[in-house]
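Listed below, chain by chain, are the residues.
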Amino acid sequence: MRLRNITGSKEMIAENEYVIHEPKEQKGKWKEIFGNDAPIRLEIGMGKGRFLMTLAKENPGINYLGIEKYSSVLLRALQKMEAEPLPNIRFIRMDAEELCDVFAEEEVDRIYLNFSDPWPKDRHAKRRLPSRQFLERYDKVLKKDGILEFKTDNRDLCDFAVEEIKETKWKIDRITYDLHHTPEMMEGNVMTEYEERFSSQGSPICKYVVSR
């Protein structure tokens with residue numbers, strides 16, 4: 001479910017200092033944005049920003065980038081940043097399909113996919129963020145020893161994601177179909193807005209951690 005379009009959201013985003021407005025020009029130079037050599041971690045489909053901003057606050061020695069396709073959703077994250085600015089986080093409004101145009105090889109240290117759009121129709125399978133097509137993109141921009149973390153409340157999407165891994169060079173390091181009842185994987189878990197809502201309703205949360 002997406003927020004309704006907010007009048008003027010694109011204009012507000014275009015003027016915001018926390019948004020990188022020409023991301024393709026930063027390819028291979030993202031560390032210059034932050035002015036340090038700290039690792040760069042990326043959340044694709046960051047929603048209203050709670051997950052990423054919590055991580056940025058807890059880990060000041062790591063840089064975070066949030067990708068969000070929808071202006072009305074990104075605006076919510078920017079409002080949070082205005083209230084509590086963090087020096088180690090920036091946002092990009094873009095489609096994830098352009099990932100390889102924005103990041104150089106091995107420029108990213110870790111990737112997070114949280115409660116991604118399930119695109120339930122079969123003909124849209126390649127649009128799903130844990131699809132083999134996207135896994136190929138992640139393989140190019142992620143460091144060789146980097147990891148990808150994926151969470152969802154949608155069991156069908158999780159099953160799809162697991163099957164897609166079998167068709168790639170990736171391997172599953174850890175997996176659970178009930179995160180909040182798996183203590184070893186809950187350690188250090190940061191919840192998104194969706195996760196808090198779904199888990200409070202009794203919906204099990206699936207998660208995997210994969211690498212190559």
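What counts, and at which threshold
- Going along each chain's sequence as written, the residues are numbered from 1 onward.
- In keeping with the model being predicted, local features are shown solely for residues with a pLDDT of at least 70 and side-chain atom pairs are shown and tallied solely at 80 or more, while totals for entire chains, interfaces and linings include all residues.
- Note that the side-chain values use all heavy atoms of the structure and ignore hydrogens as well as water.
- Put simply, DSSP H or I for four residues or longer makes a helix, DSSP E for two residues or longer makes a strand, and each gets a number counted from the N terminus.
- Relative accessibility decides the category of a residue: with a 1.4 Å probe and only protein chains considered, values under 20% of the type maximum give buried, values over 50% give exposed, and everything between is partly exposed.
- Every residue pair with non-hydrogen atoms within 4.5 Å of one another is taken to be in contact.
- In short, Shrake-Rupley with a 1.4 Å probe defines the accessible areas, and a residue's cover is counted only from the protein chains shown.
- When charges are counted, neither His nor the chain ends are considered; positive counts come from Lys and Arg and negative counts from Asp and Glu.
- The atom standing in for a charge is NZ when the residue is Lys, CZ when it is Arg, CG when it is Asp and CD when it is Glu.
- Buriedness for pockets is judged along seven lines, at least five of which must meet protein on both sides within 12 Å for an open set on the 1 Å grid over protein atoms alone, while cavities are sets there where a 1.4 Å probe fits but cannot get out, and lining residues have an atom within 4 Å of a point.
- Grid points are joined across faces, edges and corners, and a volume is the space filled by probe spheres set on the points.
- Residue type decides the class: Asp, Glu, Lys and Arg count as charged, Ala, Val, Leu, Ile, Met, Phe, Trp, Tyr, Cys and Pro as nonpolar, and the leftover types, Gly among them, as polar.
- Only strands joined by at least two bridges in the DSSP assignment are considered to pair.
- Note on definitions: angles span 0 to 180 degrees between N-to-C directions of axes, and those axes are lines fitted to C-alpha atoms, for helices only across the stretch in contact.
- With the strands aimed away from the viewer, a crossover counts as right-handed if its path from the first strand over the helix to the second runs clockwise.
- Definition used for salt bridges: Asp or Glu carboxyl oxygen within 4 Å of a side-chain nitrogen of Lys or Arg.

Trainee: Got a minute to help me understand the overall build of the protein chain in this structure?
Mentor: The number of helices and strands found in the protein chain is 9 helices and 7 strands. Principal axes of the C-alpha set define a box for the protein chain whose edges measure 40 × 35 × 35 Å. Buried positions account for 48% of the 212 residues belonging to the protein chain. Restricting the contact set of the protein chain to residue pairs at least 6 apart, pairs at least 24 apart contribute 76%. For the protein chain, the accessible surface area stands at approximately 10,900 Å², while carbon and sulfur atoms represent 45% of it. Here the protein chain carries 36 positive and 39 negative side-chain charges, and the mean point of each set is 3 Å from the other.

Trainee: Help me understand the layout of surface pockets, please; the structure alone is not making it clear to me.
Mentor: Computed from the structure, the second largest pocket encloses a volume of approximately 220 Å³. When contributions to the lining of the second largest pocket are tallied by element, the ones reaching two or more residues are helix 3 (50–58), strand 4 (108–114), strand 5 (142–152) and helix 8 (183–186). Ranked by residues supplied to the lining of the second largest pocket, first place goes to strand 4 with 3 residues. Across the lining of the second largest pocket, the residue classes break down as 6 nonpolar, 4 polar and 8 charged.

Trainee: I keep staring at the sheet that holds strand 5 and nothing clicks. Help me out?
Mentor: Two strands in a sheet stick together by hydrogen bonds in their backbones, pointing the same way (parallel) or opposite ways (antiparallel). Here 7 strands make up an open sheet; going across it, the order is 3-2-1-4-5-7-6 and the pairing mixed. The open sheet has two edge strands with one neighbour each: strand 3 (89–93) and strand 6 (171–176). Within this sheet the neighbouring strands show an average axis-to-axis angle of 15°, counted without direction. Examined bridge by bridge, strand 1 (residues 40–44) and strand 4 share 4 bridges and lie parallel to one another. Paired with arginine 41 across the strands is arginine 110, a residue of strand 4. The sheet strands contacting helix 4 (residues 71–83) are strand 2 (63–68) and strand 3, and the helix crosses strand 3 at an angle near 165°. Here helix 6 (residues 132–141) sits on the sheet in contact with strand 1, strand 4 and strand 5, set at roughly 140° to strand 5.

Trainee: Just checking my understanding: could you explain the pairing of strand 1 for this structure?
Mentor: Within a regular strand, the side chains alternate between the two sheet faces. The buried fraction of strand 1 is high, at 5 of 5 residues. Here strand 1 pairs with strand 2 via 5 bridges, running parallel. Counted as the bridge partner of arginine 41 is tyrosine 64 from strand 2. Regarding the hand of the β-α-β motif, the stretch spanning strand 1, helix 3 and strand 2 is right-handed.

Trainee: What should I look at first to understand the environment of glycine 66 in this one?
Mentor: Within the secondary structure, glycine 66 sits in strand 2. Setting aside residues up to four positions removed in sequence, glycine 66 forms contacts with Glu43, Met46, Leu52, Arg90, Phe91 and Ile92.

Trainee: Explanation requested: the pattern of salt bridges in the structure shown.
Mentor: Opposite charge on two side chains makes pairing possible when the charged atoms of those side chains draw close. Tallied over the entire structure, the rule returns 14 salt bridges. The partner of arginine 212 in a salt bridge is aspartate 139, and the shortest N-O contact between them spans 2.8 Å. One end of the pair, arginine 212, is in the segment after strand 7 (206–211); the other, aspartate 139, is in helix 6, with 73 residues separating them in the sequence. Of the residues examined, arginine 212 reaches a relative accessible area of 21% and is grouped as partly exposed. A residue is classified by how much of its surface remains accessible, and aspartate 139, at 13% relative accessible area, is buried. Here lysine 171 and aspartate 173 are joined by a salt bridge, their closest N and O atoms 2.8 Å apart.

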